[in-house]
Amino acid sequence: MTQADYAHTAIDSAAPAQNGSTPKMSARGVNVYYGEKQAINDVSIDVDMDNVTAFIGPSGCGKSTFLRTLNRMNDTVASARVEGKITLDGEDIYDKSMDVVQLRARVGMVFQKPNPFPKSIYENVAYGPRIHGLARSKSDMDQIVERSLRRAGLFEEVKDRLQDSGTALSGGQQQRLCIARAIAVDPEVILMDEPCSALDPIATAKIEELIHELRGKYAIVIVTHNMQQAARVSQRTAFFHLGTLVEYGETDQIFTAPRQERTKDYITGRYG
Ligand SMILES: Nc1ncnc2c1ncn2[C@@H]1O[C@H](COP(=O)(O)OP(=O)(O)OP(=O)(O)O)[C@@H](O)[C@H]1O
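Being a predicted model, the structure only gives us computed values, none of them experimental. (Residues numbered from 1 in each chain as written. Predicted model: local features only at pLDDT ≥ 70, side-chain atom pairs only at ≥ 80, totals over all residues.)

To continue, consider the sheet that holds strand β4 (residues 80–88). Paired through their backbone hydrogen bonds, the strands of a sheet run either parallel or antiparallel. The sheet built from four strands is open, its strands ordered β2-β1-β4-β5 with antiparallel pairing. Of all the strands in the sheet, the pair left with one neighbour each is β2 (37–47) and β5 (91–92). Examined bridge by bridge, β4 and β5 share two bridges and lie antiparallel to one another. Within β5, the residue paired with L88 across the bridge is E91. (Pairing = 2+ DSSP bridges. Helix = DSSP H or I, 4+ residues; strand = E, 2+ residues; numbered from the N terminus.)

So, on to the UniProt feature "domain: ABC transporter" (unreviewed entry) in the protein chain. In this numbering, the UniProt entry assigns the feature "domain: ABC transporter" (unreviewed entry) to residues 25–267. The span residues 25–267 shows a helical share of 37% and a strand share of 26%, and its end C-alpha atoms are spaced 26 Å apart. (UniProt positions renumbered as here; feature names shortened; annotations may be inferred.)

Okay, the site of the ligand next. Close contacts around the ligand come from 13 residues, with Y34, A39, S59, S64 and T65 the closest. A per-element tally of the shell around the ligand places helix α2 (residues 63–69) first, with three residues. Its residues placed into classes, the shell around the ligand shows four nonpolar, eight polar and one charged. (Near = placed C-beta within 6 Å. Nonpolar A, V, L, I, M, F, W, Y, C, P; charged D, E, K, R; others polar.)

Pairing within the open sheet is mixed, and its six strands lie in the order β6-β7-β8-β3-β9-β10. Both edges of this open sheet fall to β6 (107–110) and β10 (244–250), since each of them pairs with a single strand only. Strand-to-strand twist across the sheet, computed as the mean angle between neighbouring axes with direction ignored, equals 20°. Bridge count between β6 and strand β7 (residues 189–193): four bridges; the pairing is parallel. Directly across from V107, in β7, lies its bridge partner V189. The strands that helix α7 (residues 171–184) touches are β6 and β7; relative to β6, the one it contacts most, it runs at about 170°. (Axes fitted to C-alpha atoms, helices over the stretch in contact; angles between N-to-C directions. Contact = placed C-beta atoms within 7 Å.)

In this section: helix α5 (residues 138–151). Taking 1.5 Å of rise per residue, 14 residues should cover 20 Å, and α5 covers 20 Å from first to last C-alpha, within 8% of that figure. Every buried residue of α5 is accounted for by I144, V145, S148 and L149. Down the axis of α5, the buried side of the element spans an arc of 120°, and every buried residue falls inside it. In α5, the exposed positions that point more than 90 degrees away from the buried face belong to S139, D140 and Q143. As for α5, its buried residues are in contact with α4 (121–131), α6 (155–158) and α7. (Expected span 1.5 Å × (residues − 1). Buried ≥ 20, exposed ≤ 12 C-beta atoms within 10 Å, placed from the backbone. Arc of directions from axis to C-beta.)

Turning our eyes to something else, we now look at the environment of L103. Here L103 lies in helix α3 (residues 100–106). Taking the C-beta count within 10 Å as the criterion, L103 has 18 such neighbours and is therefore assigned partly exposed. Placed 84 residues apart in sequence, L103 and P187 show a C-alpha to C-alpha distance of 9.1 Å. Look past the residues within four positions of L103 in its chain and what remains in contact with it is N71, R72, I93 and M98.

With 67 residues, the main nonpolar core has F55, A180, L191, I220, V221 and I222 as its most contacted residues. Looking at this core element by element, the count peaks at seven residues for α7. In contact with I220, not counting residues within four places along its chain, are V52, I190, M192, I211, L214 and R215. (Core = buried A, V, L, I, M, F, W, Y, C linked by C-beta atoms within 7 Å.)

Quick look at the packing of α4 against α7 now. With their axes 7 Å apart at the nearest point, α4 and α7 run at an angle of 25° to one another. Of the possible angle classes, the one that applies to α4 and α7 is roughly parallel. Judged by the sense of rotation from one axis to the other, the crossing of α4 with α7 is right-handed. Across the interface between the two elements, I121, N124, V125, G128 and P129 from α4 touch L177, A180, R181 and A184 from α7. Grouping the amino acids of the contact of α4 with α7 by side-chain chemistry returns six nonpolar, two polar and one charged. (Parallel < 35°, antiparallel > 145°, perpendicular 65-115°, else oblique. Left-handed = near helix turned anticlockwise from the far one by under 90°.)

Mapping A198 onto the fold places it in the loop between β7 and α8 (201–214). We classify A198 as partly exposed; it has 16 C-beta atoms within 10 Å. In this structure the C-alpha to C-alpha distance between A198 and Q175, which are 23 residues apart in sequence, comes to 9.4 Å. Once residues lying within four places of it in the same chain are set aside, the contact partners of A198 are Q112, K113, P114 and G171.

Structural data, given as structure tokens:
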């Protein structure tokens, strides 16, 4: 099978959004280049609100590159160029009229390494809402901060020290603070790029639990190296290989009855 055939298989097997609803985000024919080098080849995929979508695949297959196209994070890489169409609620996010700051509030991101600002826990969460003018008063802001920290499962642990530095928290707490920070600006989509790879098993379990709780409130896409994690947290899984989307479907199907040989080889540990 050629690369093009694989791409078509991927499109054919792209799982439709639930209930016939319009997908939250759609990518069609996306290519990404770093200079001359092509990192993503003709990827088409839909992401919906009701399911957590996992991107899996061997190192260097382009998972993070593709994830970053969904909120134009690749704009920050000088050599990166994106082709194709990506929409959020039907709106082209690469259109000239798209405000990238607004886009990144609507499509938030949580990174591999927790990266709180060197500011207080409160300020870490309040920063985005302040920039976006979401609070009219101090009590509005207090509410946003508390609600976001609660949603991120962190409030009880930090409620008595909101003025302490965010960087003084444990790694797992820092990552939940970063999730609270993303939530605070009321996003529609949350992209997570290997959010647990720097965390111990207990902190990882808490983030996974949190992903379950956030499901349905936001469209969630998670890149993970860990296939068990993909199986635990997601309902849709996309398998990438060498910059192409090889297979996309229900997580159970991908892990128990993959349709593509390359998916099977990967999930059975034959490479990767
Ligand atoms: N800033 C960059 N400049 C040039 N090439 C890059 C850049 N970022 C990624 N690449 C290349 O693009 C390809 C895809 O990388 P990417 O990080 O998206 O893969 P990945 O599947 O997320 O890998 P990993 O699981 O190791 O994080 C790789 O060949 C990588 O070397």
